[in-house]
Amino acid sequence: MKENLKFIGNFAFILFLVVSLFAYAMFQGGFVSWFLFYAFLPFGIYHIGLLLYPMRNWKVSRSLSRHVIQAGDGVDVTIHVKRPFPFPLYYCICEEVFPASLHRIDSRKEKFHFMKNPEKLLSKREIKRIVFPYFKREFELTYSMKQIPRGEHQLHDIRIRTGDVFGMVKKEVVFTVEEQLIAYPNARPVKMEKQISSYGQGSVSSQSLHLKNTNVATGVREYMPGDKFSWIDWKQTAKKNTMITKEFEQEKSTEILLVLDSCFYDDENHISYEALLELAISLMDELYKQGTEVGLLTIGEETVHVPVHNEPTKKELVRQHLTRLQPGGSKPFPLKLKEELIKLDSGSIVILLTSHIDEAFGDTVKKMKQRMKRVVVLYVPTTGNISETERHAIERYRFEGISFCVLSASALATNPLEVSHI
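Please read all numbers here as calculations on a predicted model, not as lab measurements.

**A look at unusual backbone geometry**
At step 1: The residue after Asn415, namely Pro416, is reached through a cis peptide bond having omega 5°.
At step 2: One non-glycine residue with positive phi stands out, namely Tyr134, at about 55°.
At step 3: Mapped onto the elements, Tyr134 comes out in the loop between strand S5 (127–131) and strand S6 (138–145).

Here's what the structure looks like:
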């Protein structure tokens, strides 16, 4: 309705100028009056033609250099415009309308220096490019998006504005051009200072979770990709007519479950939350490389459990899930964790990743410690550094036998990540 009124107003104004100059020339007569009329007539006709020119039948497309990237990467974008009729246009301003999910920047490990001021990483993206098409039927423009944050980003609209030289006529059309950009969480190298493998008889220190104790075979199973040739049980293979490998004691005891706190908090800091996601994906990648079976449990608005299994398909499923994940839910994390506790396998090593600890959290972790082989807490303070109250609480938890690893802003900014007490 507003556009229609604007069109009618502009059309009436230009028509009024043409009619007024014609009437002036007719009544006044003489060279000057007719000169003014004929001099303005081409501009008047052009402005009327510009008003009637249909921009909505333009064909606008967008192409991305990559559709799947890591958080912090950049992409090059090309916008292509094709016009069915080459009406002369002096200029066109093309603008990308970005979704809210892209109004943030991810500077990878450098972002952790801003944990006390996360709003500094909030940035309204604006991309405007001016082109001068004149009589061209087709034209294109390119731009780059830098430091793209994690998530699934839907690019929808492209706004194109044009007008005359004098600014009397201005036209604007928004074209819907759907495109999806996926930015996976940034997986970083992890250095583990201490690793624990739990045997059936107890726990012992080890520098590698994936080493097999080939002297103590506890059973057999079907061959899986990655098994060594020396593990094959030839008698069982011949008997069952399929590849059978021996199963060793340590192989059964290195199952690890990562539990990610994805609940919403009033003092939520998106940088500390991103740190937890990067920790989760980085730890999973590192443990996968070591041959350890790793599962994931995310607790937030919804509880999602990806079972313990070392499969490439599960790994990709976890990556996609962490890409879409956002903090949410009204129930506190300790309460939800307590509800999930009864469903967890008591034979697992549990690694909790959280940015909030309180008394209820400590009580839940104590109960979990009684049930699980081992519980490790990876704590990322919301502001990047722990307070004195948190320091005393962590010391108390450690005294009670709960392994705590605090990752401050400075520790998160190092490469590789150094994680202890695992």
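On we go from here.
**Considerations on the side chain of Glu278**
At step 1: Positionally, Glu278 belongs in helix H4 (residues 270–289).
At step 2: What makes Glu278 buried here is its relative accessible area of 3%.
At step 3: A distance of 2.7 Å separates a polar atom in the side chain of Glu278 from a polar atom in the side chain of Lys111.
At step 4: If near-sequence neighbours (up to four positions away) are discounted, Glu278 is found in contact with Lys111, Phe112, Asn186 and Arg188.

**Thoughts on the sheet that holds strand S1 (residues 59–64)**
At step 1: Here we have three strands laid out as an open sheet, ordered S1-S3-S6, and antiparallel in their pairing. Every interior strand has two partners, whereas the edge strands, S1 and S6, have only one. Shown here is a sheet whose adjacent strand axes are inclined to one another by a mean of 15°, direction ignored.
At step 2: Bridge count between S1 and strand S3 (residues 75–82): six bridges; the pairing is antiparallel. Within S3, the position partnered with Ser63 by the bridge is Thr78.

**Structural notes on the pairing of strand S18 (residues 374–379)**
Successive residues of a regular strand alternate their side chains across the two faces of the sheet.
At step 1: Burial of S18 is extensive: six of the six residues sit out of reach of the surface.
At step 2: On S18, burial covers both faces: Arg374, Val376 and Leu378 on one face and Val375, Val377 and Tyr379 on the other are all buried.
At step 3: Between strand S17 (residues 349–354) and its parallel partner S18, the chain crosses via helix H7 (residues 359–371), and the hand of that crossover is right-handed.
At step 4: Sheet analysis places S18 next to strand S19 (residues 403–406), joined by four bridges and oriented parallel. Each bridged residue has a counterpart across the sheet, and for Val376 the counterpart in S19 is Ser403.
At step 5: What joins S18 to S19 is helix H8 (residues 388–399), and the crossover it makes is right-handed.

**With respect to the pattern of salt bridges**
At step 1: Scanning the model with the defined rule gives 19 salt bridges in all.
At step 2: Across the pair Arg161 and Glu95 runs a salt bridge, and its minimum N-O distance is 3.2 Å. Taken together, the residues Arg161 in strand S7 (residues 151–163) and Glu95 in strand S4 (residues 92–97) connect sequence positions 66 residues apart.
At step 3: Arg150 is paired through a salt bridge with Glu274; the nearest N and O atoms lie 2.9 Å apart. Residue Arg150 is located in the loop between S6 and S7, and its partner Glu274 is located in helix H4; the two are separated by 124 residues in the primary sequence. Comparing Arg150 with Glu274 shows no difference in burial state: the two are buried.
At step 4: One continuous salt-bridge network, built from bridges that share partners, spans Glu95, Arg159, Arg161 and Glu172.

**Structural notes on a nonpolar patch on the surface**
At step 1: Among the surface-exposed residues, Phe43, Tyr90, Ile130, Phe132, Tyr134, Phe135, Val165 and Phe166 lie close enough to one another that they form a single nonpolar patch of about 880 Å² accessible area.
At step 2: Relative accessible area serves as the criterion here: at 45%, Tyr134 is assigned to the partly exposed category.

Procedures and definitions
- Residues numbered from 1 in each chain as written.
- Predicted model: local features only at pLDDT ≥ 70, side-chain atom pairs only at ≥ 80, totals over all residues.
- Heavy atoms only, no water.
- Helix = DSSP H or I, 4+ residues; strand = E, 2+ residues; numbered from the N terminus.
- Buried < 20%, exposed > 50% of the residue type's maximum accessible area, 1.4 Å probe, protein only.
- Polar contact = N/O pair within 3.5 Å; in protein donor to acceptor, adjacent residues only side chain to side chain.
- Contact = heavy atoms within 4.5 Å.
- Pairing = 2+ DSSP bridges.
- Axes fitted to C-alpha atoms, helices over the stretch in contact; angles between N-to-C directions.
- Right-handed = clockwise from strand over helix to strand, strands pointing away.
- Salt bridge = Lys/Arg side-chain N within 4 Å of Asp/Glu carboxyl O.
- Patch = residues over 30% accessible without salt bridge, like charges linked within 9 Å, V, L, I, M, F, W, Y side chains within 5 Å.
- Areas by Shrake-Rupley, 256 points an atom, 1.4 Å probe, with all protein chains shown as cover.

All we've got here are geometric facts, nothing functional implied.
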